[in-house]
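Fold and contact review
Listed below are the residues making up each chain.
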Amino acid sequence: MAAEVEYFAGIPKKIPYSATAGPGDVLCFKYYNAEEMLMGRTMEEWLRFSVCYWHTFCGTGADPFGSATLHRPWNEGTPMESAKKRLHAAFEFFTKLGVKYYTFHDRDLAPEGPSLEESNRNLDEMTDLALQLQNQTGIRVLWVTCNLFAHPRYMNGAATNPDCHVLAYAAAQVKKGLDIAKKLGAENFVFWGGREGFLSVHNTDVAAELQHMANFFKMAVKYKEKIGLKCQFLIEPKPKEPCKHQYDYDAMSVIGFLKHYGLDGHFKLNIEPNHTTLAGHSYEHDVVTASAFGMLGSVDANTGSPDLGWDTDQFPMDIRNTTLVMKTVVEQGGLRPGGLNFDAKVRRESTDLEDLFIAHIGAMDAFARGLRNAVHIIEDGLMASMVKERYSSFSHGIGQKVEDGTASLEELEAFIKQNGEPKVTSGKQEKYEAIFNRYI
């Protein structure tokens, strides 16, 4: 790939796979072997890794208590000049890391102008360049989303704003987002309602806001169909931050919303485990829940610090967590057209450019190990057979009728009168945990 400047000098042209590398060799994959075959697919096909644009190339390390610490060489010049440098740097990074996908918000890629028209012109120019770089490298867009939370106009929400003027602006922004998604061949389009919620019920008509949000999504579905955009719509749950309460609280909240408003045929979920733990659930909870309903579309692969009450967007390095996620992914047959998008950022103290590579390599290796573990668990079949046996009473007799939905309360009462008190059966939780630990 031709670029004006090499931003990551000293990094290999492509990060190699070296299974024999030592612990201190951090610029190589020790477990992620893209071409390794597992259950009929390559690791690359199972994992479908993606790099997020906002944290990786737009992040500065600033936080509420301190200014920027990450001073990147592409953040120089006018907003459009730095945007073009940033895009070249991004494609150099994707190519050297060896990933095939990236994700972005509209305002990550192109600066917002003083008017919608100028913002759209900036997007047109930047997506022309992105398309050129995609064609040169074969790298594709996993998903596009619109930033409907950062600008002051969205302080009270976008699709749920009490002012229809603001909702209209958000709709215009999403219309353009769908246009560029089609232009760039995006495989998914994500909606994340960072400010779709409330801080106080005293000034909020919850029913009205939910109806407005549903109508907003229905308009997006109609426009997607009108322009012939072939991609999966995804909603990303999060319980709070920046709102005190967000309507897309967790997987079950979103699934219930979609089914209530008749949108479940048009949307799936993009699960971010750090958001899941913020909702008080275990890391894998929303991945498993969404998959159980056939609604798991993609995963924003990151983690948080459970001892903290906010979204830390750390790189996922815990093999237990990656194993549980990949077991669910493999059991449902994969994530396509979704993938594993690293919605994660290096710490503000990790200031070297190579830290971006080290973080992604470590997380990719963690998911590669999780995939291998998951395949081992599934192919062995031990845990699956134990679970099947645990529910075996539903495979015959009155249990089969309950399973089929044909049993009645009268029949179940008669069954108890004939068979009496059920015996206590151990759940064997510790046995399952001990077996699981052997795999990881």
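Let me begin by describing the structure that accompanies this report. Because the structure is predicted, anything quoted here is derived from the model rather than measured.

**Describing helix 7 (residues 206-227)**
Along its 22 residues, helix 7 runs 32 Å from first to last C-alpha, staying within 8% of the 32 Å computed at 1.5 Å per residue. Every buried residue of helix 7 is accounted for by Glu 209, Met 213, Ala 214, Phe 216, Phe 217, Ala 220, Val 221, Tyr 223, Lys 224 and Ile 227. Against helix 6 (164-184), strand 6 (188-191), strand 7 (197-198), strand 8 (232-235), helix 8 (251-260) and strand 10 (267-271) lie the buried residues of helix 7. The first or second residue beyond helix 7 is Gly 228, which carries a positive phi of 70°.

**Considering the environment of Leu 382**
The residue Leu 382 is located in helix 13 (residues 382-390) in this model. Along the sequence, Leu 382 and Lys 230 sit 152 residues apart, while their C-alpha atoms lie 40 Å from each other. When residues no more than four places from it in sequence are discounted, the contact partners of Leu 382 are Ile 377, Ile 435 and Tyr 439.

**Overview of the nonpolar core**
Grouped together as the largest cluster of nonpolar side chains are 114 residues, with contacts concentrated most on Leu 47, Phe 94, Leu 97 and Tyr 102. A total of 11 residues in this core trace back to one element, the largest contributor, which is helix 12 (residues 354-380). Setting aside residues up to four positions removed in sequence, Phe 94 forms contacts with Val 51, Phe 57, Val 99, Tyr 102 and Ile 139. With 8 residues, the next largest nonpolar core counts Leu 324, Met 386, Tyr 432 and Tyr 439 among its residues.

**Some points on the environment of Ala 359**
Tracing the chain through its elements places Ala 359 in helix 12. Residue classification places Ala 359 among the buried positions, given a relative accessible area of 9%. Once the C-alpha coordinates of Ala 359 and Thr 145 are considered, the two residues, 214 residues apart in sequence, prove to be 24 Å apart. Not counting residues up to four positions away in its chain, the partners in contact with Ala 359 are Phe 315, Met 317 and Val 346.

**Observations concerning the packing of helix 8 against helix 10 (residues 285-292)**
It is at 9 Å that the axes of helix 8 and helix 10 come closest, and there the two elements cross at 30°. In terms of their interaxial angle, helix 8 and helix 10 are classed as roughly parallel. Facing helix 8, whose interface residues are Ala 251, Met 252 and Ile 255, helix 10 presents Asp 286, Thr 289 and Ala 290. Its residues assigned to classes, the contact of helix 8 with helix 10 comprises 4 nonpolar, 1 polar and 1 charged.

**A short note on the pairing of strand 10**
Of all the 5 residues making up strand 10, 4 are buried; the element is thus mostly covered by neighbouring parts of the structure. The sheet contact formed by strand 8 and strand 10 spans 3 bridges and is parallel. Bridge pairing links Phe 233 to Phe 267 in strand 10.

**Considerations on unusual backbone geometry**
The amide bond that connects Glu 241 to the next residue, Pro 242, takes the cis arrangement and shows omega of 15°. Mapped onto the fold, Pro 242 is located in the loop between strand 8 and strand 9 (245-246). With omega at 5°, the peptide bond leading from Arg 336 into Pro 337 counts as cis. Although it is not a glycine, Arg 48 adopts a positive phi angle of roughly 45°. Inspection of the secondary structure puts Arg 48 in the loop between helix 1 (43-47) and strand 3 (49-52). Arg 48 sits in the buried class, given a relative accessible area of 4%. One non-glycine residue, Glu 241, lies in positive phi territory at about 75°. Within the secondary structure, Glu 241 sits in the loop between strand 8 and strand 9.

The rules we used
Residues numbered from 1 in each chain as written. Predicted model: local features only at pLDDT ≥ 70, side-chain atom pairs only at ≥ 80, totals over all residues. Heavy atoms only, no water. Helix = DSSP H or I, 4+ residues; strand = E, 2+ residues; numbered from the N terminus. Expected span 1.5 Å × (residues − 1). Buried < 20%, exposed > 50% of the residue type's maximum accessible area, 1.4 Å probe, protein only. Contact = heavy atoms within 4.5 Å. Core = buried A, V, L, I, M, F, W, Y, C linked by side-chain atoms within 4.5 Å. Axes fitted to C-alpha atoms, helices over the stretch in contact; angles between N-to-C directions. Parallel < 35°, antiparallel > 145°, perpendicular 65-115°, else oblique. Nonpolar A, V, L, I, M, F, W, Y, C, P; charged D, E, K, R; others polar. Pairing = 2+ DSSP bridges.

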